[in-house]
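# A closer look at the structure
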Amino acid sequence: MFSKILIANRGEIAVRIIKTCRGMGIKTVQVYSEADAGSLAVEMADETVLIGPAPAAQSYLLADRIVEAVRQTGAEAVHPGFGFLSENAGFARRLRDEGIAFIGPNPEAIEAMGDKISSKKLAAAAGVSTVPGHMGLIETTEQAVTIANEIGYPVMIKASAGGGGKGIRVAHSDADMAEGFAAVKAEALGAFGDDRVFLEKFIIDPRHIEIQVMGDKHGNVVHLFERECSIQRRNQKVIEEAPSPLLDPETRAAMGAQAVALARAVNYDSAGTVEFVAGQDKSFFFLEMNTRLQVEHPVTELITGVDLVEQMIRSAWGEKLVFEQKDLAINGWAIESRIYAEDPYRGFLPSIGRLIRYEQPEEGDQGGYTVRNDSGVREGDEISMFYDPMIAKLCAWGETRDAAIDGMARALEDTHIHGVGHNIPFLAAVMDQPRFRSGNISTSYIKDEFPEGFHGLLPDRRQTDILIATAAAMNEIASEQSGDPSGRTDWIILVAAQGPGHPAGPGEAHGVSLGYDDDEALTLDLVGEANDEHRALKLGDIDWRPGLAQFRATLDGVPFTAEVSRVADGFVIRTRAARARVRVLTPAVAALYARLPEKVAADTSKLIQSPMPGLVVSIPVTVGQEVKTGETVAIIEAMKMQNILKAERDGVVKSVGAAAGDPVAADDVLVEFE
């Protein structure tokens, strides 16, 4: 077995690989860029090598630097993780030529599956179901329109060398095809240096289901069942689960057999994933093959008990698989949520900065569900603009899908992040959505359920009770610790929920009578103005003191965690996707709140503000210039993406607040109009 492996990656996948290597008694070498000098992976590895500046093109993507680090440290093999050089056939071939093991498939297999057009032809030849389409070279827009009519609309236009959601358009008519074909060719040329485009039938209301395969260098290949990855935003996966709620045993076996057939057709070894687009009728068609470890591999590990990183290492060493297809079975259900540094309340714009607080849920068996958290950052680390904004991959396993969903919802509650925007409220919203829980999902789920973007959800009955009980308890605890307990038992609690459909104003009033039972649990007798509600609540096992950002307790015996903060006249409390300003007031003071005038929002209609922290790429307007609606006024780069800001009204530029190369924070004024 290898004695030392170099990891040509960063972040959570580097940490993940190090953990498996430790278990196998293998020493690790971690390469790193200047931006990752203090990272968790660098701290955990046995040896480290600096390979360049922060931009990936000057560090993690430089094969010469990786090979030099291998020679310098005496490593025998390279694990590329995912992204960067993981699917670069030239890199894999170079390592082989230099006598260095590549922990991944052979370069010929990578090459065969790396081109979407040739891979679809290979898949068809191997008996794999493929989407009706045209895989040949398409020269002109006119030819594309003719072919689209032969296939039948809607038709997907895809770049042959595409990936990461780039180079994809859907055409529903000849006009869409004429416009989209030219746009995809231009985008493909700019992003991949290859403007070849192919067409295929667009499956209406599709699902994204992938099969995990594993092979060795002796011709043995198995599949480890499927993952459903239909919860996507802009073609990027957000939530994955294994197995899929769509598949029955017969369809699962058929998809697995086709994935194995394709892997065998290209002499595949190591871990790989065959992706399919599936119809709601369980029809399925080959999409592409990813010749690497997938981001979402933990859910497969949780339901099979197989360490895929370990199997990749053993395959690269030349060992045979120690299991056959008949030895593998699905045990329970697993769900993964990708926690990103992005602000869901601002259109999921990337967020960069320091993790001032990062409290992670406890891993392992939590009684009814199991938690796994793959993260490459710690409290105090910085989320850099140079790389993917992922903070963690939070996973929950349960014996059933409902148990896994409930476990994920609780694990999300137990995760607290402060310092950067994050998508935890959105992920929690999905866990609470009846449609998601039903399993009736598709790749358009997020667009269907949140057509106007995400602004939080209305609190349901239990969440409203949590908001009320939490505020009441915090008010009592804070008063006692300050040495000024009021002794009052009757309060009015105003709950002003924040988000869509919530009226402006002080909020809904709930009369509350407080007391303590024989077990010292806080009891609340509620009388709300709405619907003359009257109910009793019991808050026990309270774990909170002033200054803590998480309030833990049980409400009527069921545990919960809420995110809390004190503000001038109350608290801001979030329970899952419901967020509210909550005030605990005497009846007299509560009556006065109804008379307060509403605060008028500041007029920002004449300002172009940066929607996120980042770097100014350009501001192509000058003072005194007349600008028309829709014209570009600024371009901001963050998290490897360029964000184009356009004028929403005609106007004349009064001032310009930044220049190309300047760092900017969220809401910084870039351009002001007269």
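See the structure shown above.
Here's what I pulled together on the structure shown here.

For any two helices packed against each other, the geometry is given by the interaxial angle and the distance between the axes. Direction vectors running N to C along helix H7 (residues 141-151) and helix H8 (residues 174-192) enclose 135°, while the axes themselves pass 9 Å from each other. Taken together, the axes of H7 and H8 are oblique relative to one another. Considering only the axes of H7 and H8, their crossing is right-handed. Between H7 and H8, the contacting residues are Thr141, Ala144, Val145, Ala148 and Asn149 on the first element and Asp174, Met177, Ala178 and Phe181 on the second. Considering only residue class, the contact of H7 with H8 consists of six nonpolar, two polar and one charged.

So, on to the packing of helix H5 (residues 107-114) against helix H6 (residues 116-125). Contact geometry of H5 with H6 gives a least axis separation of 6 Å together with a crossing angle of 100°. The angle between H5 and H6 places the two elements in the roughly perpendicular class. Between H5, through Ala112, Met113 and Gly114, and H6, the contact on the second element is made entirely by Lys116, Ser118, Ser119 and Leu122. A per-class count over the contact of H5 with H6 returns three nonpolar, three polar and one charged.

Strands belonging to one sheet form pairs held by backbone hydrogen bonds; the direction of such a pair is parallel or antiparallel. If you trace the nine strands from one edge of the open sheet to the other, you get S14-S13-S10-S11-S12-S15-S23-S21-S20, paired in antiparallel fashion. A strand with exactly one partner marks an edge of an open sheet, and here the two such strands are strand S14 (284-290) and strand S20 (364-365). Pairing analysis gives eight bridges linking strand S15 (residues 333-340) to strand S23 (residues 390-398), with the strands arranged antiparallel. Following the sheet pairing, isoleucine 335 is matched in S23 by alanine 396. Seen against the sheet, helix H9 (residues 249-265) touches strand S10 (207-215), strand S11 (221-233), strand S13 (270-278) and S14 and runs at an angle of roughly 110° to S11. Its contacts with the sheet put helix H13 (residues 424-432) on strand S12 (236-242) and S15, and the angle it makes with S15 is roughly 150°.

Taken as a whole, this structure holds 14 aromatic pairs when the rule is applied. Between tyrosine 345 and phenylalanine 454 the ring centres are 5.5 Å apart and the planes differ by 40°, which places this aromatic pair in the tilted class. A residue pair is termed long-range when its members are at least 10 positions apart, and tyrosine 345 in the loop between strand S16 (342-343) and strand S17 (349-350) and phenylalanine 454 in the loop between helix H15 (445-449) and helix H16 (461-481) qualify at 109 residues. When its relative accessible area of 22% is taken as the criterion, tyrosine 345 is described as partly exposed. With centroids separated by 5.7 Å and ring planes inclined at 70°, the aromatic side chains of phenylalanine 450 and phenylalanine 454 adopt a geometry described as edge-to-face. Both residues of the pair, phenylalanine 450 and phenylalanine 454, count as buried. An aromatic cluster is defined as three or more aromatic residues linked by ring pairs; in this entry it consists of Tyr345, Phe348, Phe426, Phe450 and Phe454.

A separate point is the pairing of strand S2 (residues 27-33). By the criterion of burial, S2 is predominantly enclosed, with six of the seven residues buried. Direction of pairing for strand S1 (residues 4-7) relative to S2: parallel, over a ladder of four bridges. Counterpart to isoleucine 7 in the pairing with S2 is glutamine 30. For the segment spanning S1, helix H1 (residues 11-24) and S2, crossover handedness is right-handed.

Okay, the pattern of salt bridges next. If charged atoms from side chains of opposite charge come close, those side chains can pair. Across all of its chains, the model carries 54 salt bridges by this definition. Across the pair arginine 552 and aspartate 414 runs a salt bridge whose closest N-O atoms are separated by 3.8 Å. Taken as a pair, arginine 552 in strand S29 (residues 550-555) and aspartate 414 in the loop between helix H12 (401-413) and strand S24 (416-418) lie far apart in primary sequence, 138 residues in all. The exposure class of aspartate 414 is buried, given its relative accessible area of 13%. Of the charged contacts, one joins arginine 576 and aspartate 432 as a salt bridge, the two residues approaching to 2.8 Å between their closest N and O atoms. Of this pair, arginine 576 sits in the loop between strand S31 (570-575) and strand S32 (578-585) while aspartate 432 sits in helix H13, and the two are 144 residues apart along the sequence. Look at aspartate 432 and you get partly exposed, because its relative accessible area is 25%.

In this section: the side chain of glutamine 463. Counting through the fold element by element, glutamine 463 comes out in helix H16. Under the relative-accessibility criterion, glutamine 463 is labelled buried at 9%. Those residues in contact with glutamine 463, other than ones at most four positions away along the chain, are Asp432, Leu458, Thr575, Arg576 and Ala578.

The full count for this structure, using the stated rule, is two cavities of 30 Å³ or more. Considered as a void within the structure, the largest cavity measures approximately 70 Å³ in volume. Together, Ala409, Leu412, Glu413, Thr415, Ile424, Ala428, Gln550, Thr561, Ala562, Glu563, Arg574 and Arg576 line the largest cavity. Among the elements of the structure, H12, H13 and strand S30 (558-567) are those that each provide at least two residues to the lining of the largest cavity. Looking at the lining of the largest cavity, its residues break down into five nonpolar, three polar and four charged. As for the second largest cavity, its lining consists of Asn9, Arg10, Gly11, Gln30, Val31, Tyr32, Asp36, Ser39, Ala41, Val42 and Tyr60. If you tally residues by element for the lining of the second largest cavity, the top one is S2, at three residues. Its residues placed into classes, the lining of the second largest cavity shows five nonpolar, four polar and two charged.

Quick notes on the rules
Residues numbered from 1 in each chain as written. Predicted model: local features only at pLDDT ≥ 70, side-chain atom pairs only at ≥ 80, totals over all residues. Heavy atoms only, no water. Axes fitted to C-alpha atoms, helices over the stretch in contact; angles between N-to-C directions. Helix = DSSP H or I, 4+ residues; strand = E, 2+ residues; numbered from the N terminus. Parallel < 35°, antiparallel > 145°, perpendicular 65-115°, else oblique. Left-handed = near helix turned anticlockwise from the far one by under 90°. Contact = heavy atoms within 4.5 Å. Nonpolar A, V, L, I, M, F, W, Y, C, P; charged D, E, K, R; others polar. Pairing = 2+ DSSP bridges. Phe/Tyr/Trp six-rings, centres within 6.5 Å; stacked < 30°, edge-to-face > 60°. Buried < 20%, exposed > 50% of the residue type's maximum accessible area, 1.4 Å probe, protein only. Right-handed = clockwise from strand over helix to strand, strands pointing away. Salt bridge = Lys/Arg side-chain N within 4 Å of Asp/Glu carboxyl O. 1 Å grid on protein atoms, 1.4 Å probe; cavity = no way out; pocket = protein on both sides within 12 Å on 5 of 7 lines; lining within 4 Å. Points joined across faces, edges and corners; volume = space filled by probe spheres on them.

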